[in-house]
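Examining the three-dimensional arrangement
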Amino acid sequence: MVASTRAARKPAALAVPNLSAASAALWLTATVLVAALAYYFIGYDQGAWSVFGSDTHIHEFVHDSRHFLGFPCH
């Protein structure tokens with residue numbers, strides 16, 4: 001009886017959130033904004049042209065990831 005019960009079970013359905021169009025647009029906008037900021041700080045923040053002035057802390061913090069992703073920096 002145990003084997004037949006296991007065979008008769010249906011696979012569990014995935015939970016899909018019910019998002020409205022406005023909510024989906026908000027999530028998409030937030031995701032694009034965070035991705036653009038990450039791309040700027042990893043790819044283009046050189047320290048000398050930094051939005052924080054002549055500070056190179058962010059550049060040095062992401063230095064190895066810049067090379068790993070193929071961005072030249074020196």
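Treat the numbers as computed from the prediction; the structure is a model and nothing was measured.

1. Here we look at the overall build of the protein
Assigned secondary structure in the protein consists of four helices and zero strands. Counting from the amino terminus, the protein carries its helices and strands in the arrangement α-α-α-α. Across the 74 residues of the protein, 14% fall into the buried class. A separation threshold of at least 6 residues defines the contact pool for the protein, and within that pool the share at least 24 residues apart is 18%.

2. Focus: the UniProt feature "transmembrane region" (unreviewed entry) in the protein
The residues that UniProt annotates with the feature "transmembrane region" (unreviewed entry) are residues 21-42. Between the end C-alpha atoms of residues 21-42 the distance is 31 Å, and the span holds 100% helix and 0% strand.

3. With respect to the confidence of the model for the protein
Close inspection of predicted coordinates is inappropriate in any region flagged by low pLDDT. Counting all residues, the mean pLDDT for the protein is 76, and 72% of those residues have values of 70 or more. Mean pLDDT values for the elements of the protein range from 59 in helix α1 (residues 2-8) up to 89 in helix α2 (residues 21-43).

4. What to know about the environment of isoleucine 42
Structurally, isoleucine 42 can be placed in helix α2. A sequence separation of 19 residues divides isoleucine 42 from phenylalanine 61, and the C-alpha atoms of the two residues are 9.1 Å apart. Dropping the residues within four chain positions of it, isoleucine 42 is found in contact with Val62, Ser65, Arg66, Leu69 and Phe71.

Rules and cut-offs
Residues numbered from 1 in each chain as written. Predicted model: local features only at pLDDT ≥ 70, side-chain atom pairs only at ≥ 80, totals over all residues. Heavy atoms only, no water. Helix = DSSP H or I, 4+ residues; strand = E, 2+ residues; numbered from the N terminus. Buried < 20%, exposed > 50% of the residue type's maximum accessible area, 1.4 Å probe, protein only. Contact = heavy atoms within 4.5 Å. UniProt positions renumbered as here; feature names shortened; annotations may be inferred. pLDDT = per-residue confidence, 0-100.

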